[in-house]
Each structure stands twice: as structure tokens, then as C-alpha cells.
Amino acid sequence: MKPVISLKDIQLTRGENFSLSVENLELLPQRIYALTGANGAGKSTLLRIMALLTLPQRGRVNFADAEGEELSRQRQHVTLVEQSPYLLDGSVADNLAFGLKLRGIRGAEQTQRIKEALALVDLTGFERRKTKKLSGGEAQRVALARALVLKPNVLLLDEPTANIDSKSLQSFEDLLARLPAAGATVVFATHDLALPKRLKAEMLHIENGKLLDRPHRRAESFDKTQTENSYGTIL
Amino acid sequence: MFRPYLIVLLLLLLLAMPAFATEHLRLATTTSTENSGLLAELLPPFEKVNDCKVDVIAVGTGKAIKLGETGDVDVILVHARSKEDKFVSAGFGVGRRDVMYNDFIILGTVADPAGIKGETDAAAAMGEIAAVKATFVSRGDDSGTNTREKQLWKATGITPAGDWYLEAGRGMGEVIIMAGERQGYTLSDRATYLAFKQKTPLRIVVEGDKNLFNPYGVIMVNPAKHPHVKVALAQKFIDFLTSAEGKRLITNYHRSGEQLFYVK
Amino acid sequence: MGYLTDSFITAVRLIFSFDREVQLTVWTSLYTSSCSILFAALFGIPFGLWLGIDRFRGRRLMITLLNTLMALPTVVVGLVLFGFFSRQGPLGSLGLLFTPWAMIAGQTVLATPIVANYVLAAVSGSDARIMDTAFTLGATRLQAAVQLLKELRYGVMAAVIAGFGRVIAEVGVAMMLGGNIRGTTRTMTTAIALETSKGEFAFGLSLGLVLLGVALCVNLFLNLLQQR
């Protein structure tokens, strides 16, 4: 199967204390990957490299179907939700509309997709709410909805459960579990080793800035049924 | 967010446009004609008849002549005969005409440390001031008054220097105020002094010397050197200043009950 | 002496008599300042944004130069532009000297470094995640920069207000390039200078009070915009 994203010979050094290297990493479509490792091991940096926000000194990140496109176009294949995401000033709908507008999606379709994405994160009816007045958990979910609404091929999540309260955790995990079937490749960084297990994720482990050579399946593999490459089934 | 702001500013820009529609005549003149209020009396009738606007740039005589040389004005109205003649002979100006005159006066405090009150020889009075090193405030700005002051010093044979001689580098009004505050002497034109009479303790100590005669001349900037000079309008302006009506307006202009300028 | 009370009374009378001359002066001040701040914003905001976002060789030197330009005396700007706009100068044929346009040009030169510097400071102090968020949602550099500007609009407004404050209060450029021509280039500040030189101190000071009032109104207006 053709990988949706592949990293080759990535090398990034920052000062004397930090370096990150990835020899070869290929992520397959519609899988869910858990990125684990100690604090400072380089999880967030690797996610930023995959999101094309940090450019490594050496090596390349390739997306399927995006070869030769310029950086900003390539970035439209992938979306990163950071651990403490920044919400743009204005309303929740403004935030969700931002990426859609950049992709030329306006009017009724935009409204509809925003509504659906907010429903996915249990924030139905939050469109007009000001982002400044949201709680931490709500902000986290708005950020997730802002990524989901774009239906990216690759969704990168940095500690996605960090700000989610226990009450919403179950529905959040259910949502994550459904994403691969809907067409996305999900990579999430986490401390919590139980979460990958529950989600049946494939494990990627970083130690001291080095990605262990192959993704290996510690969690029980789940049956993947090839659906069309879209979010159609859950959205 | 910024759009309404931009629109307001663009509107301002558009509204500013009509200000440039009528024909403008550029006049560089000395501060004394402007500050005395004479031009405010003299210009409106001319502007009305010729449907134009006279842009007055009031600077010292030296600067006014400079603006004529560079062609940044159309006409100059100044009072430094020696400089005016040089300006014309160097080909920068044409058709100099006498407009009016008044006189310079030496101002001093009532205490009069140099004891020159009532002196009729201006140069001799200046010599006295230098001799006792009484404070003297000079314009020091190459203006018409400053030019005359230098001529007077030259006549005394003294090169003024020392801590009693203050070169202010400012306009006549400021210098009168400054001389008053420093209890010193200064050379002033009569018109400015009359305007400042209420604001300074200085009194006239010397007047009436023929060397204090202060004629004003008007000169058109040479169109051969600066083709953009508005010859027709400038000529009309010169004709107006020297016409019977111009003379009447100048003669009739009074301030605090005193006539400021005279015509021949 | 009742100098201060005199001028205050004159000021009040001046404001409420709607004197044509005073109106024209206030108007000249307002529109030259507004036009120049508009141009200064047009140049200064993108420039400050660029300096704030991009990392390139010579950036520090450029920031130092920009800081130095902030301290530029108005008469120096006036003098240099006088050389350009005079009939003898390279732009002399345009005949701009002693017109409002020359003043606007000079004041634009004065205000641009201020606007750029304030924008630079706002960008430097801004949340680094703003640009990243825009990028990860698929924005180009330009789109991300525009978004950054929107997020920093209070800082940008502060930049514009600071620039406006400088140009409406300055006298050097207005005097040298405008020539203090009654009804055309006489601004509130050059009028104050003139009234002072005529010895009309009370009138000059009252014009100063009018200037203060006008500046207050403009700032209140900008404040209102900010709160929307």
C-alpha cells in the first residue's frame, strides 16, 4: 500500500542538547498511530516536522499526491492540533471557517461543514461563541473541530487528551477511533500508555530524539475495512 | 476593521483637492510685512480682483531672496537694498520697484546704560553700546534688519563680539521680547516694535537718522531663469502694490493709532 | 499677569466662535496629518510586519536603523525634503514645495518609522502559535501574515495613533515644507509658532488648547474604532 506520508533521513539539531533523527518512516492510510516517548524526547518536534511547520536541516517529508506542490499547498494535506492550541480571535465559527475559506469553501457548504464538525466534538450550537470565553476543554475541542472540518489526509494531535475532562473522554476516544475508517491517518503523541491500547493504535516510540526504526504493533490490530477516502461515513 | 478608517481618510484626501484649484502666486516676504498685519489688509482686494490666491511665505529677507534664487517663489517683497541690487544684477530678479518705507529704530531700556537716548547718529549710538559692553541682541539671521545692523557696525568700525552681543537667530518679535527680558538694546523696524509695544519694557532710544531709513522693494523672479514663474500675475501684483490704490491701502494702514508704512 | 487665564478665555472664545481662520487651520492640520498617517501605515505596517516575521541577515542592523530614524528631528526631515522639492532639486519640476503635498510627504517620512517600529514590537511580542495555526490550517505566508495582523490589531492601532500624535504635533516639517501659508499650509502648530512670533502669546496658547482638544477627539474616535 502506498504510504500517505513518508519521512526519509530526517535530521534536525537544535543547539547542543537536542537532535532528532528519523531514518525512514512511512505511515499508511487510514491507520491510527500513537507516538510515545519521554518528555523532551522529541514527540512534539516530530509532529511539527510532519506538519511542515518545522523544516529539518536534512531529509524530506513527502505526502502522497502532493509531490512538487508548494509548501502551503502541501500543508493543506495535513493538520496539526497542538497541545495548547491557539484559537484565533473572534467566534468559534470564525475559527472553523478560516481553513475552509483558504480552500475556497464558502456559503451554505461552509455553514453545514462547521455544524457537522462541531457536532462531532459535542459542541453543537457553539458557532457564535467568542473564543476568548471558552473553557480549556472547550477550546481544545474547538481546535480539534477546526482540524476535522478540513478533512485532512493526515491528522496530527499533540497530547489530545491533556485538556479533555473525564466526562468527555469516552466520546472523544470514540471519535478518534472512528477517524481512520473515515479516511484519515491519525498520529497522536501521548504520555498515557493505556490510550493507544484502547484505540488499538500502532506504536511509534522516540527515545532521545531517535525514532525506533519501525512502527510496530503492540496494540492488537484491528480490522480495517477499506472505505472510500473521505470522512463521509462519520460526518 | 480597517476599511471604514481607510474610506474616511480617502474622503479627506479628496476633500483636500479643491484647495489647489485657483491660481496661486507665491510671495516670499519678510516677517515684518506679515506680522505687522499689513498683508492681511493689502492682499484680499488684489486676490478678489484677479481671482487668485497669494501664498505668503514669511521668512527673513535673506531667506526670501534665497527662495527667489532657487525659483521657489514668483515674487519677493523685501527690505535690504544692497542684497536686492545683487539679486537683480546676478540675473535672478527683474524689474525692482520701490513699494514703501518705514524706519529702523534702536530700542533700549529706560535705564539706558549706554546713555544714548536722544542720539541722532545711529552708528555713534551703536559705538557707545559696544564701548560700555551693554547687552545687545542681534537678529543674527541674515534678515533685512540684520543686514542693516551689520552695516551700522561696519560704520562704527567695530566687530561686535563678546558676551554682551547675543545673536538670537530668531524673528523680530522674539528678539524684541528677548532684549526686553535681558534688559538690552536691539535694532528693530518700527512696525514690529509698534506691534510689540505693549509686551516689552523697551522704549525707542534712537530714531530719525537717515541711515535708519528702511525701504521695501518688490522684485519679480526672473522668468528667463525660472520659466514656471507666473509672469502675468506677478506683474499684476507688482503693478497693484505701486498703484494709487495700493499706496492708499499702505498709507491708511494703522496699528495702535500709528501709521506703520509710508509711500513716496 | 493673567496670561494663562487670558489665553484660556481666548481659547474658549476661539472654539465657540467657529472662527473661519481657525477652522481652516484645524482642517489643514487634520487632513495633512491624516493623509500622511495613511501613507505611513501603508508603508510602515508591511515593513514592520516583515521585519518582525522574517529572519534574515542584516535584520538587526535594520532594526537599529529604524530605531534611529524614530529619533529623526523634524527639521532635518524638512531640510532634506526641501532639497528634493525645491525648484533646484530633483523633484523641483513637480512644484510641490510649499503645498500640502510636500508637508504630507515630510510627515509620512516622520511617521513611517514610528508605525513600523510599533508594528515590529507588536509582532515580536505576539504569540508564536498564531502564524503556525494559520499555516497548519493551510495558509500561505501572506495569508498567515494578514491573519497575524488581524490578531494584533490593537497593536497596529497603537502604532497608527502614535504616528498620528507625532505628525499632528510636529512643527518643523510643516513650517519648512509648507511655508505656513494662510489658508493653504498653515497648520495649528505653525499658526502657534506664528502667533508666538507676533507676540500674541494668549492666542498662540489658546491654539495650543484647540490642538489638544482636536487630538483628544481624534484619539477618542480611534478608541471607539478599537472597541468595535
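Residues numbered from 1 in each chain as written. Chains lettered and ligands numbered in written order. Predicted model: local features only at pLDDT ≥ 70, side-chain atom pairs only at ≥ 80, totals over all residues.

Counting its regular elements, chain C contains eleven helices and zero strands. Along chain C, from the amino end to the carboxyl end, the secondary structure elements read α-α-α-α-α-α-α-α-α-α-α. In terms of its C-alpha atoms, chain C occupies a principal-axis envelope of roughly 65 × 45 × 30 Å. Across the 228 residues in chain C, those meeting the buried criterion constitute 50%. In chain C, once contacts between residues fewer than 6 apart in sequence are set aside, the share between residues at least 24 apart is 76%. (Helix = DSSP H or I, 4+ residues; strand = E, 2+ residues; numbered from the N terminus. Buried ≥ 20, exposed ≤ 12 C-beta atoms within 10 Å, placed from the backbone. Contact = placed C-beta atoms within 7 Å.)

What follows deals with the interface of chain C and chain A. Contacts between the two partners involve 14 residues from chain C and, on the opposite side, 17 residues from chain A. Contributions of two or more residues to the side of chain C that touches chain A are made by α6 (129-136) and α7 (141-151) of chain C. At six residues, the largest contribution of residues to the side of chain C that touches chain A is made by α6(C). Among the residues making up the side of chain C that touches chain A, the classes are represented as four nonpolar, six polar and four charged. (Nonpolar A, V, L, I, M, F, W, Y, C, P; charged D, E, K, R; others polar.)

All names here are of chain C. Where helix α1 (residues 3-17) contacts helix α11 (residues 201-227), the two axes come as close as 8 Å, and the packing angle between them is 60 degrees. Considered as vectors, α1 and α11 are oriented oblique to each other. As for the relative orientation of α1 and α11, their crossing is right-handed in sense. Note on element contacts: α11 touches α1 through Phe 201, Ala 202, Phe 203, Leu 205, Ser 206, Leu 209 and Val 210, opposite Tyr 3, Asp 6, Ser 7, Thr 10, Ala 11, Leu 14 and Ile 15. Residues belonging to the contact of α1 with α11 are distributed by class as follows: ten nonpolar, three polar and one charged. (Axes fitted to C-alpha atoms, helices over the stretch in contact; angles between N-to-C directions. Parallel < 35°, antiparallel > 145°, perpendicular 65-115°, else oblique. Left-handed = near helix turned anticlockwise from the far one by under 90°.)

All names here are of chain C. Here chain C averages 90 in pLDDT, and 99% of its residues register 70 or above. Mean pLDDT across the secondary structure elements of chain C bottoms out at α1, with 78, and peaks at helix α5 (residues 100-124), with 96. Overall fold confidence for the complex sits at a pTM of 0.82, while the interface term, ipTM, reaches 0.87. (pLDDT = per-residue confidence, 0-100.)

Moving on: the packing of helix α6 (residues 122-132) of chain B against helix α7 (residues 144-156) of chain B. Residues and elements named next belong to chain B. One can describe the packing of α6 onto α7 by two numbers: an axis separation of 8 Å at closest approach and a directional angle of 80 degrees. In terms of orientation, α6 and α7 fall into the roughly perpendicular class. Listed contacts from α7 to Ala 122, Ala 123, Met 126, Gly 127 and Ala 130 of α6 are Leu 152, Trp 153, Ala 155 and Thr 156. Looking at the contact of α6 with α7 residue by residue, the class counts come to seven nonpolar, two polar and no charged.

Judged by nonpolar contacts, the single largest core of 205 residues is most densely connected at Val75(B), Val115(C) and Val119(C). With 16 residues, α5(C) is the largest single contributor of residues to this core. Setting aside anything within four residues of it in sequence, one finds Val119(C) in contact with Gly44(C), Ile45(C), Gly48(C), Leu49(C), Gly52(C), Gly155(C), Val156(C) and Ala159(C). (Core = buried A, V, L, I, M, F, W, Y, C linked by C-beta atoms within 7 Å.)

This brings us to the pairing of strand β2 (residues 52-58) of chain B. All names here are of chain B. Among the seven residues of β2, six are classified as buried, and the element is accordingly described as predominantly covered. As paired elements, strand β1 (residues 23-29) and β2 share seven bridges and run parallel to each other. Its bridge partner lying in β2, Leu 27 is registered against Val 56. (Pairing = 2+ DSSP bridges.)

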